[in-house]
Amino acid sequence: MAKRIDGKVISAQVKDECRQRVADEKIEATLAVIQVGNDPASTVYVGNKKKACEYIGIQSLAYELPEETTEEELLALVEKLNQDDKVQGILVQLPLPPQINENKVIETISPKKDVDGFHPQSVGALSIGQPGFVSCTPAGIIELLKRSGVEIDGKECVIVGRSNIVGKPMAMLMLRENATVTVCHSHTANLKEVTSRADILIVAIGRPKFITREYVKEGAVVIDVGIHRNENGKLCGDVDFDDVEPIASAITPVPGGVGPMTIAMLMKNCVEAKGIQNS
């Protein structure tokens, strides 16, 4: 039976470390969170981010804008926050309404305040090993692996999914940790053959229970980034947990695996923001 990698426990450790650092170093930081419209999932995420800021001892500013907000209005707010020395981090909650170009918004956020790690400059810095913010979900996966005693150095890692938010930065982080990395996607031939070579399999494809035991090498570590509701309204991931757990050596559950790490790493980015801004 696989070891369950508990994201709730590990995310609590990361947040406690952030809280301690804020207290010890008397860090004063403010995270500005902008939400456009009232998408229910976004409202939950924004609420969790506010709670996390309060817990670790930093300020949060909430900007709740109506659904019909124009791109110009949103960009003007981002520019205003870029210029505000009291704000160390800016986060625009995605998805945005259709009248707003997400890429333009991401590119308008100052790379020095890009605590989500989505700006092209942040991604570029990651790819060449320079200081900068790292996308929170991939950074959280590295913490999950390390704090669970999973050896990354020299291991074969397969990532299923090539999104800008998870797949691509994940590949760069695993390379940084000296893994041998393969990235798979919808055009990959013989997917089962490729994934079943992996010592560490990271799945972020957005298809519920897609990965079954035929895709997994016995003894592999399996990280499930997906989150969906099944026909009974119950949460599940991209991996068929019940099918894969018996043959994996370690696996993340959904919920309670990768999810909690995203906000924990956002808090870590906020705490480190001043150092990045002064670099």
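Residues numbered from 1 in each chain as written. Predicted model: local features only at pLDDT ≥ 70, side-chain atom pairs only at ≥ 80, totals over all residues. Heavy atoms only, no water.

Participant: Provide a residue-level description of the pattern of salt bridges, including the pertinent values.
Facilitator: Side chains that differ in sign of charge can pair as their charged atoms come close. Using the criterion set out here, one finds 12 salt bridges in the structure. For Arg-21, the salt bridge identified is with Glu-25, shortest N-O distance 3.2 Å. On the basis of relative accessible area, Arg-21 is assigned to the partly exposed category, the value being 32%. A cluster of three or more residues bridged by salt bridges with shared partners is formed by Glu-17, Glu-143, Arg-147 and Lys-268. (Salt bridge = Lys/Arg side-chain N within 4 Å of Asp/Glu carboxyl O. Buried < 20%, exposed > 50% of the residue type's maximum accessible area, 1.4 Å probe, protein only.)

Participant: Please give an account of helix 3 (residues 71-83) that cites residues and values.
Facilitator: When the terminal C-alpha atoms of helix 3 are compared, their 19 Å separation across 13 residues agrees well with the 18 Å that a helix rising 1.5 Å per residue should span. Those residues of helix 3 not exposed but buried are Glu-71, Leu-74, Leu-75, Leu-77, Val-78, Leu-81 and Asn-82. Within helix 3, the buried residues cover an arc of 155° as seen down the axis, which keeps them to one side. The outward face of helix 3, more than 90 degrees from its buried face, is lined by the exposed residues Glu-72, Lys-80 and Gln-83. Considering only its buried residues, helix 3 is in contact with strand 2 (30-36), strand 3 (59-65), strand 4 (89-92) and helix 4 (102-108). (Helix = DSSP H or I, 4+ residues; strand = E, 2+ residues; numbered from the N terminus. Expected span 1.5 Å × (residues − 1). Arc of directions from axis to C-beta. Contact = heavy atoms within 4.5 Å.)

Participant: Account for empty space enclosed by the protein, with residues named and values stated.
Facilitator: Space left empty within the atom packing is revealed by a probe, the size of a water molecule, rolled over the atoms. Considering all chains together, one arrives at two cavities of 30 Å³ or more under this definition. As a volume, the largest cavity reaches approximately 60 Å³. Ile-90, Val-92, Leu-94, Ile-106, Ile-109, Asp-114, Asp-116 and Phe-118 together form the lining of the largest cavity. Classifying every residue of the lining of the largest cavity by side-chain character gives six nonpolar, no polar and two charged. Estimates place the volume of the second largest cavity at around 30 Å³. Those elements giving two or more residues to the lining of the second largest cavity turn out to be helix 5 (120-127) and helix 7 (167-176). The element that contributes the greatest number of residues to the lining of the second largest cavity is helix 5, accounting for three residues. (1 Å grid on protein atoms, 1.4 Å probe; cavity = no way out; pocket = protein on both sides within 12 Å on 5 of 7 lines; lining within 4 Å. Points joined across faces, edges and corners; volume = space filled by probe spheres on them. Nonpolar A, V, L, I, M, F, W, Y, C, P; charged D, E, K, R; others polar.)

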